[in-house]
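# Reading the structure
Chain by chain, the residues run as shown.
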Amino acid sequence: MSKSYVIEASKDFYPEKNDDIMDSLFEQYEKVIVRSIITSFGLDFFIKDQHGGDVDTINNVRQIGIDNQMIYKNKSNQSNYENRPEYDKDMSRIYHQDKNYIFRNREISRQKKEGILNDAYTNKKVARNADVDLDHVISAKEIHDDRGRVLAGLSGCKLANSEENLQPTDRSINRSMGKKDIKEYTKYLENTREERQKQITILKSKNQLTDKERKQLNKYEKLEEVDIEQMKKIDSQSRKSYEAKLASAYYTSPNFRKDVAFAAGTIGLKMGIRETLGFVFTEIWFCVKDEFSKIGQPFSFGELLNAIGNGIKHGVENAKEKYKELLAKFKDGALAGALSSITTTICNIFFTTAKNVVKLIRQVYPSLVEAAKVLFLNPDNFGFGDRIRAVLKILATGASVVVGTVVTEAINKTPIVTIPVVNKIVPTFCGTFVTGIMTCSLLYFFDRSEIMNKLVNWLNKINTLSAEVEYFRQQAIYFEMYAAKLMEIDLEKFKKETSMYNSFAQDIENITDEKELNRKLKEIMTLTGIKIPWEGEFDSFMSNKNNRLVFE
């Protein structure tokens, strides 16, 4: 037996060909449903799946406050964010007095004086007397308050004042942005363009403008010069560089590695315990059931309790006797749990996984681990066709568990969850029932289908690499046996006997006379200890009907 009800069902399912199909099928349904309830559903309380997995990722922490279900998984990460300094005037001054900001500002001033400075957002040459600001593409406040940046443990000042995040632009453009990021600002420019162009036309039609109107016209004209696509491109490049720095720092950090290892180890341990207990409880269940079948009439409550006690005792004893299988269950369950945790963490680097998705990943991994073992390691030395059938049975059973889990989640979203007691029983029962029906039907198909059997037989004839390896492995065994036999031979004696027989062969080859040949053969028989099966002369011996040749 293997490590979970999924694998047990797929391996133990060998219907008797002479049995009534429906009787055999329903017997297997019972086994699968019981194992399903005990292992995949009944013991799932061991593992509390979390929205977004068990490890903080940059993507996930940014959802906190937006997604009501998202929380920090590591309390120290939460503490680091909550205890960051507030972005106020003093903090803004620190960002704008950073040495990189000052150096870049001086460089911009030099280029403007020399007449070689281009406005980053308009792609036009900046006049020597123009007012220019050094803009943070991603605002200093956004970077300072970014949960992802705090999680990565990087300096906000250094990130905000990196070369790709500082761009020169006209002061009127920069000041008009306010607290908007570039995505919001470009949308604002597009939405206000018609009104802005109308105001430009109105102001230009006037013969004389006040200082205020002149400044307003200049502002409108500068905003019209903004190359929106160029602005979006600069923002995209800056954010790409920013995100790469965060990802490189955090996902290679000791803290992230520690959190991933701890989560994988914890889930692996819980999955191993769950699979082990599932095995023990399944043994107990079927032993109790066997004891129930022995209860006679009339019914006795004392006899019932005794049967339950004996069943539990025998079930525990059976589990102890199968300690190797218990260890295998724990090991494979732990491996599946660890892999599912790591997979969930990787997924959450790119997108947030809901709690039910985390559960699906965890449920399907036992099947994937066992299928990979059968396909690549082939511990039972199956033929290629039988190996493919075993893999299909394992994957089909795992898929059935996934469907059962989806059914459970779907029912949990119906009004039935408002009914006390029933709200827990009905979803679990429906999920396990669907899993049992699908599993047994698919397994029965793989075992009984004529098409499947023909395909398996055909695949078994394919000469695979594993078959070649097995052939040479057998040859090596035969060679070892032959070598062992050779080691028992007395080499010196073998050489003497070989030399003697070679001499006999040469003497016989040179004899041309029949009498001489007879004499030589008798001599050889004497020398080699072969007893002649007659006495005296052969012809006279054979002329007596009572004589018999005796070979010893």
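Placed above this text is the structure.
Let us look at the structure shown here. Quick caveat, the model's predicted, so the values are computed rather than measured.

### Points about the packing of helix α11 (residues 182–205) against helix α13 (residues 228–251)
When two helices pack together, you describe them by how their axes are tilted relative to each other and by the distance separating the axes. The geometry of α11 relative to α13 is characterised by a closest axis approach of 10 Å and an angle of 170° between their N-to-C directions. Classed by the angle they form, the pair α11 and α13 counts as roughly antiparallel. Residues Ile182, Tyr185, Thr186, Leu189, Glu190 and Arg193 of α11 pack against Ile228, Met231, Lys232 and Asp235 of α13. Along the lines of polarity and charge, the residues of the contact of α11 with α13 split into five nonpolar, one polar and four charged.

### Some remarks on a nonpolar patch on the surface
Taken together, the side chains of Phe538, Met542, Leu549 and Phe551 present a nonpolar region at the surface, about 420 Å² in accessible area. Here phenylalanine 538 is to be found in helix α24 (residues 538–543). By relative accessible area, which is 35% here, phenylalanine 538 ends up partly exposed.

### With respect to the pattern of salt bridges
Tallying each qualifying case throughout the model produces 25 salt bridges. Residue aspartate 90 pairs with arginine 93 through a salt bridge whose shortest N-O separation is 2.9 Å. Of this pair, aspartate 90 and arginine 93 both sit in helix α5 (residues 89–96), three residues apart, roughly one helical turn. Aspartate 90 gets classed as partly exposed once you look at its relative accessible area, which sits at 47%. The closest approach of N and O atoms between glutamate 516 and arginine 519, which form a salt bridge, is 2.3 Å. Linking glutamate 516 with arginine 519, this pair stays in helix α23 (residues 514–528), spanning three residues, or about one helical turn.

### Looking at the pairing of strand β1 (residues 132–136)
Buried residues dominate β1, accounting for five of its five residues. In β1, alternate side chains face the same way, and those of Val132, Leu134 and His136 on one face and Asp133 and Asp135 on the other are all buried. Bridge analysis of β1 against strand β2 (residues 166–170) gives five bridges, and the strand direction is antiparallel. By the bridge assignment for β2, histidine 136 is matched with leucine 166.

### Overview of the packing of helix α18 (residues 384–412) against helix α20 (residues 450–460)
Running from amino to carboxyl end, α18 crosses α20 at an angle of 135°, the nearest separation of the two axes being 6 Å. Judged on the interaxial angle alone, α20 and α18 are oblique. Contacts between α18 and α20 pair Phe384, Gly385, Asp386, Ile388, Arg389 and Leu392 from the former with Met452, Asn453, Val456, Leu459 and Asn460 from the latter. Counted by class, the contact of α18 with α20 contains six nonpolar, three polar and two charged residues.

### Some points on the side chain of threonine 186
Note on placement: threonine 186 falls in helix α11. We classify threonine 186 as buried; its relative accessible area is 2%.

### Notes on the layout of surface pockets
Size it by volume and the largest pocket reaches roughly 690 Å³. Along the wall of the largest pocket there are 23 residues; nearest its centre are His96, Asp135, Ser139, Asn174 and Gly178. Looking at the lining of the largest pocket, the elements that each hand over two or more residues are α5, α6 (99–114), β1, α7 (140–144) and α10 (171–177). Ranked by the residues each element gives to the lining of the largest pocket, the list is headed by β1, at five residues. Of the residues contributing to the lining of the largest pocket, the split by class is seven nonpolar, seven polar and nine charged.

The rules behind the values
Residues numbered from 1 in each chain as written. Predicted model: local features only at pLDDT ≥ 70, side-chain atom pairs only at ≥ 80, totals over all residues. Heavy atoms only, no water. Axes fitted to C-alpha atoms, helices over the stretch in contact; angles between N-to-C directions. Helix = DSSP H or I, 4+ residues; strand = E, 2+ residues; numbered from the N terminus. Parallel < 35°, antiparallel > 145°, perpendicular 65-115°, else oblique. Contact = heavy atoms within 4.5 Å. Nonpolar A, V, L, I, M, F, W, Y, C, P; charged D, E, K, R; others polar. Patch = residues over 30% accessible without salt bridge, like charges linked within 9 Å, V, L, I, M, F, W, Y side chains within 5 Å. Areas by Shrake-Rupley, 256 points an atom, 1.4 Å probe, with all protein chains shown as cover. Salt bridge = Lys/Arg side-chain N within 4 Å of Asp/Glu carboxyl O. Buried < 20%, exposed > 50% of the residue type's maximum accessible area, 1.4 Å probe, protein only. Pairing = 2+ DSSP bridges. 1 Å grid on protein atoms, 1.4 Å probe; cavity = no way out; pocket = protein on both sides within 12 Å on 5 of 7 lines; lining within 4 Å. Points joined across faces, edges and corners; volume = space filled by probe spheres on them.

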